[in-house]
Amino acid sequence: MRGQPLDLLQAIFSVANKYGGGENSPTVKKFFGFSITTTLGLATLLTMSSSIAQANSHSCTDGLSQFRLDPPKGWKFDTELAQSLGTCVFFYPPDAKLESSPAVIYARAVSRPQDPKINTIEAMIKEDFDLLRVRSPLIYQRDKGLYRSKKKIEFKVVRFLNGPKNQEFDSNAYLKVGDSILVVSLSTSTRENFDKYLPLWIEVLNSVIITSSPPPKKILAPKPIPSKNKVAIPPKTAPKMQKAPQGRSFQKK
């Protein structure tokens, strides 16, 4: 999400129109991991009413692994619009509307096991950066290393920053489990809001748990290759007992 008014949708569809194919363009599919399937137009999406209910926990899955995460205390959420765009859930402040929220925290899960070269955190970071750079050519990336949550889960944290024109202040946390990658993002349009809501984004990271994941792949040990110059070693045998000569006795004299 890009601040106001729901610039994430504008970014998605502007990229889709630029590269062709609309909402199902390869670029959009690559960013979200799968096709955005919705029959609603952009104008409808921008004015769509969001759920104002509150929930303690939300599920996020890519079909292989499943995660759960909690919104900041008191925050509202939207799953209907989020899922129509290929993400799992949007969290936003209680006194804001989603389409004009000063900050949005959202999660998505992606898996591409068919291509191990791009099914990595590094490849995902590059794709996110490239898509944001279409909107903000001056955006830059700042790696923040690993963040270990209170549940002892380690995330790779990267910030995408730019300003003052076409401001983008985003912080993404990446978690890889098997072939799945969970991305939890904070998106704002000003540095002030970025600094204000960053602790709440960390609060969401601390709530993440892995509820299910596929079993690890079995790695078969390679079969030994017989050597052509192998020397046969005779099996060990018990030493033979020497027989005493016949016709002799060994009595003491």
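Residues numbered from 1 in each chain as written. Predicted model: local features only at pLDDT ≥ 70, side-chain atom pairs only at ≥ 80, totals over all residues. Heavy atoms only, no water.

**As for the side chain of Arg108**
Structurally, the position occupied by Arg108 is in strand β5 (residues 103-111). Overall, the relative accessible area of 0% leaves Arg108 in the buried class. A distance of 2.7 Å separates a polar atom in the side chain of Arg108 from a polar atom in the side chain of Asp128. (Helix = DSSP H or I, 4+ residues; strand = E, 2+ residues; numbered from the N terminus. Buried < 20%, exposed > 50% of the residue type's maximum accessible area, 1.4 Å probe, protein only. Polar contact = N/O pair within 3.5 Å; in protein donor to acceptor, adjacent residues only side chain to side chain.)

**Observations concerning helix α6 (residues 191-207)**
In this model α6 runs 25 Å from its N-terminal to its C-terminal C-alpha over 17 residues, within 8% of the 24 Å that 1.5 Å per residue would give. If you look at α6, its biggest bend is around 40°, right at Tyr197, and the proline Pro199 turns up within four residues after that. (Expected span 1.5 Å × (residues − 1). Bend = angle between axes of the 7 residues up to and from the residue.)

**Brief notes about the state of the cysteines**
Enumeration over the complete set of coordinates arrives at one disulfide. Covalent S-S linkage joins Cys60 and Cys88, the inter-sulfur distance amounting to 2.0 Å. Measuring the twist about the S-S bond at about 60°, one finds the Cys60-Cys88 disulfide to be right-handed. On the criterion of sequence distance, the pair formed by Cys60 in strand β1 (residues 58-61) and Cys88 in the loop between α4 (80-84) and β4 (89-92) is long-range, its members being 28 residues apart. Of the two residues examined, Cys60 and Cys88, each falls in the buried class. (Disulfide = S-S within 2.5 Å.)

**Here's the deal with the sheet that holds strand β7 (residues 154-161)**
Strand order in the open sheet made by the seven strands is β3-β4-β5-β9-β8-β7-β6, with antiparallel pairing throughout. At either margin of the open sheet sits one strand with a lone partner, and together these are β3 (76-78) and β6 (140-148). Across the sheet, the mean angle from the axis of one strand to that of its neighbour is 20°, orientation sign disregarded. Pairing of β3 with β4 involves three bridges; the strand directions are antiparallel. Bridge assignment links Asp78 to a residue of β4, and that residue is Phe90. Sitting on the sheet, α6 touches β4, β5, β6, β7, β8 (169-177) and β9 (180-188), and the angle it makes with β9 is about 150°. (Pairing = 2+ DSSP bridges. Axes fitted to C-alpha atoms, helices over the stretch in contact; angles between N-to-C directions. Contact = heavy atoms within 4.5 Å.)

**Quick look at the sheet that holds strand β2 (residues 66-69)**
Reading across the sheet, the three strands line up as β1-β2-β10 and stay open at both edges, with antiparallel pairing between neighbours. Each having just a single partner strand, β1 and β10 (209-212) make up the two edges of the open sheet. Neighbouring strand axes in the sheet, compared pairwise and without regard to direction, differ in orientation by 35° on average. Relative to β2, β1 is paired through four bridges, and the arrangement is antiparallel. Pairing of Ser59 across the sheet is with Arg68, part of β2.

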